[in-house]
Amino acid sequence: MLNGEKAGCKELLAKRILAAIISSIILQFFFTTCVILITNLSIVHPLSWLRDTWGIITRFETWSYYLALAVIIFLQGAICSRNYLNAPPCLNSRFAILCNIFMPRNLVMGSLYMVIGSTLVWLHLSLEDGRYGALTRSCDIKEGSCLVEEHYFLLLGGMWAGIYFFLKTNSFSFHYLQFPIIPQSKFSQVKRGIEVALPMVMLSAVWPTLYYLGIYFIFGAYLRNAALTTLFLHLENEPLSRITGLLSLSLIFHMWLYMSLFALSMNVMHIIFQAYLTQWIPFEVARTAVFSNETLNVTLPEALSMDKIPIIQHLGYLDLVTLSQKEKHRRAMLFTLSQPGGHPYNWNCIVDKCTEMIKSFTKELDAACLGRQDHVQVLAPSTLSKLQPMERSHAYHMRNLVSPKIVSPIPVERTVCKQSEQFILQYFQNLKQRLVNYLLSKPLIFYIFGEQTDSKVKHVLVKAQQIIWASDALSSIAVVSLMEDPYGIVQKDLPALISVLLALKHSLDKLQKINMQLVRKPQTDDRLIRQVITSLRSAVKRSVYRITSSFKDYILDLGLEPATLEQLQGFLSYRE
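Cut-offs used in this document
Residues numbered from 1 in each chain as written. Predicted model: local features only at pLDDT ≥ 70, side-chain atom pairs only at ≥ 80, totals over all residues. Heavy atoms only, no water. Helix = DSSP H or I, 4+ residues; strand = E, 2+ residues; numbered from the N terminus. Buried < 20%, exposed > 50% of the residue type's maximum accessible area, 1.4 Å probe, protein only. Contact = heavy atoms within 4.5 Å. Axes fitted to C-alpha atoms, helices over the stretch in contact; angles between N-to-C directions. Parallel < 35°, antiparallel > 145°, perpendicular 65-115°, else oblique. Left-handed = near helix turned anticlockwise from the far one by under 90°. Nonpolar A, V, L, I, M, F, W, Y, C, P; charged D, E, K, R; others polar. Expected span 1.5 Å × (residues − 1). Arc of directions from axis to C-beta. Phe/Tyr/Trp six-rings, centres within 6.5 Å; stacked < 30°, edge-to-face > 60°. Salt bridge = Lys/Arg side-chain N within 4 Å of Asp/Glu carboxyl O. Core = buried A, V, L, I, M, F, W, Y, C linked by side-chain atoms within 4.5 Å.

**Student:** Explain the overall build of the protein to me, using residue names and the numbers behind them.
**Tutor:** Scanning the protein from terminus to terminus reveals 22 helices and 2 strands. For the protein, the residues scored as buried account for 44% of the 576 residues in total. Taking contacts inside the protein between residues at least 6 apart in sequence as the whole, the part at least 24 apart equals 78%.

And the structure:
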């Protein structure tokens, strides 16, 4: 790919990421204002409540807090954007997950989560008129300053919220971009996402709040003494780490409210990134002198091959399926012949990229299924089977009745040396494998270092959306080619396309039959991945049905293999 194309992609993505971060900051200000309204609620005096809240929001001190929060959110958005631009890593074991947590980028991200959590709490407590508004106060009995432990408790709770949700969303699971089935505006997607996320975050904030109460009950004394010693403060009230102190309804409500606000902020940032990055963009089918789509100097075949920038590749396949079903004038470009030469260059580029990706996906899925069925590596064949025919002249104690071929003599020393090297290498490989198998037979070692059976399948299924679009697009183009393809350039690739789709269907059926742990056990209950599996199987069947229904009268003229024709019988008789 040319440097100009990479620059064009980066420019497009940079604009969308910047717009998403700015929108996230604006929504964060709106949520902060709502929390200020809630925490200063006064039913008895509603007019004074609104007037006082407006005064808090418009004063200079509040906007200085907003500015600090905006800078932190901007940094977090810039770092989070890499999670959406790069393919997620394949973490096969719990040890790999643990190592991934301590990667430099994740350490920075975790630190930002902690800072954002404590900053949100500090911002709201500073703007709230109440007993939690400051960290210190003047002592009543002793000279000097005393610690307001409730404020300290909530600040540490903000840091705990950052740690908890960082581990939950960035280490043990990953955010995937979901493209809407029906095209929607960015405002509609964000509005719908907030409506769905709001009750979820209110419930999800209950458990970290309870966890934090238990943590502070156990370690609260050490944390309090550290603050008193470091800041040279005193404590006049009863310690908060007792049961009577932690059961304060006001304190629990504030902690739950800030946990909910933090979780909502993180979810909204993901929703906004998803709304901006998944917006459809039309690509040029072939390279021309002038490009009209946001000055992006990338053609559709080039976008389909950008596996290094997965979001551009997704947008390419989204444009391809849109072209195949809705844009007749752009489809005509696929059915044209190059001049001079008369070759279907545009169609060849598209079909080659799509079929190669489907084949690669099928191979990866087959490998993941084999890994699920048997973790023990099959030993290599015996060195005896690798010997040449002249070296096994009397196999199975039977006399060889075939005249031996005349070959150049091989020195005995060279032959013996070669067999010895193979034997030694095979011996150490088997010894290594036996040692690994023995160590993994221990429950604790296997729990930490053992490969999780569903990790490879989940990693492969990340590409399922592109496969769905590719199969739908190719089958739709094949159907309309009966009326729109004047040269019949699509029909020459129909046998290969049908074979590729049937091979993918066979792999998906095999995945279903072996009852993968991903689908069977509740501890890996990932609704999104299960939905992707179902959508992928439906899309492949739909694509094959679409082709067989349209070419039913010409199926014998396509030159299909007998095995392929046998597999198509279920579709031709509508029994699949």
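Having seen the structure, we can now continue with the description.
**Student:** Give a description of the packing of helix α7 (residues 186-204) against helix α10 (residues 249-277) that names residues and reports values.
**Tutor:** Contact geometry of α7 with α10 gives a least axis separation of 9 Å together with a crossing angle of 150°. With respect to α10, the element α7 is oriented roughly antiparallel. In this structure, the crossing between α7 and α10 has a hand that is right-handed. Residues K186, Q189, V190, G193, I194, A197, L198, V201 and M202 of α7 form the contact with α10, whose own contacting residues are W256, S260, A263, L264, N267, V268, I271, I272, Q274, A275 and Y276. By residue class, the composition of the contact of α7 with α10 is 14 nonpolar, 5 polar and 1 charged.

**Student:** Go over helix α2 (residues 46-58) with me, naming the residues and quoting the values.
**Tutor:** Because each turn of an α-helix spans 3.6 residues, side chains separated by three or four positions end up pointing in the same direction. The end-to-end C-alpha distance of α2, which contains 13 residues, comes to 18 Å, matching closely the 18 Å that a straight helix rising 1.5 Å per residue would cover. Here α2 has its buried residues at W49, T53, I56 and I57. Each buried residue of α2 sits inside an arc of 95° when the element is viewed along its axis, so together they form one side. More than 90 degrees from the buried face of α2, the exposed residues found are L47, R51 and W54.

**Student:** Which residues make up the packing of aromatic side chains, and what are the values?
**Tutor:** The full count for this structure, using the stated rule, is 20 aromatic pairs. On the basis of an interplanar angle of 55° and a centroid distance of 6.0 Å, the ring pair of F30 and F31 is categorised as tilted. Its relative accessible area of 48% is what places F30 among the partly exposed residues. On the basis of relative accessible area, F31 is assigned to the buried category, the value being 9%. Relative to Y216, the ring of Y212 has its centre 6.1 Å away and its plane inclined at 50°; by these criteria the two rings are tilted. Here Y212 pairs with Y216, and both are found in helix α8 (residues 206-231), just 4 residues apart, close to one helical turn. The exposure class assigned to Y216 is buried, which follows from its relative accessible area of 0%. Every member of this aromatic cluster is reached through a ring pair, and the members are Y113, W160, Y164, F165, F166, W207, Y211 and F262.

**Student:** Describe in detail the pattern of salt bridges, supporting the description with residues and values.
**Tutor:** Within the structure shown, the criterion is met by 15 salt bridges. One salt bridge in this structure joins E149 and R224, with 2.9 Å as the shortest N-O distance. With E149 in helix α6 (residues 149-171) and R224 in helix α8, this residue pair connects regions lying 75 residues apart in the sequence. The class for E149 is buried, based on a relative accessible area of 3%. Overall, R224 belongs to the buried group, its relative accessible area being 7%. With a shortest N-O distance of 3.5 Å, D472 and R546 are connected by a salt bridge. With D472 in helix α18 (residues 464-484) and R546 in helix α21 (residues 527-550), this pair connects stretches of sequence that are 74 residues apart. By sharing partners, the salt bridges in this structure join R137, D140 and E236 into a single network.

**Student:** Describe unusual backbone geometry, naming the residues involved and giving the relevant values.
**Tutor:** For F232, which is not glycine, the phi torsion reads 55° and is therefore positive. In this structure, F232 sits in the loop between α8 and α9 (243-246). Unlike most non-glycine residues, Y574 shows phi in positive territory, near 60°. Mapping Y574 onto the fold places it in the segment after α22 (562-572).

**Student:** Pulling in residues and values, what's your account of the nonpolar core?
**Tutor:** Ranked by internal contacts, the top residues of the largest apolar core, which has 144 residues, are F153, L154, I311, I312, L320, L536 and L568. With 18 residues, the single largest contributor to this core is α10. Sequence-distant contacts of L568, that is, excluding residues within four places in its chain, are made with I498, L502, V544, T548, I555 and L560.

These figures come from the coordinates and say nothing about function on their own.
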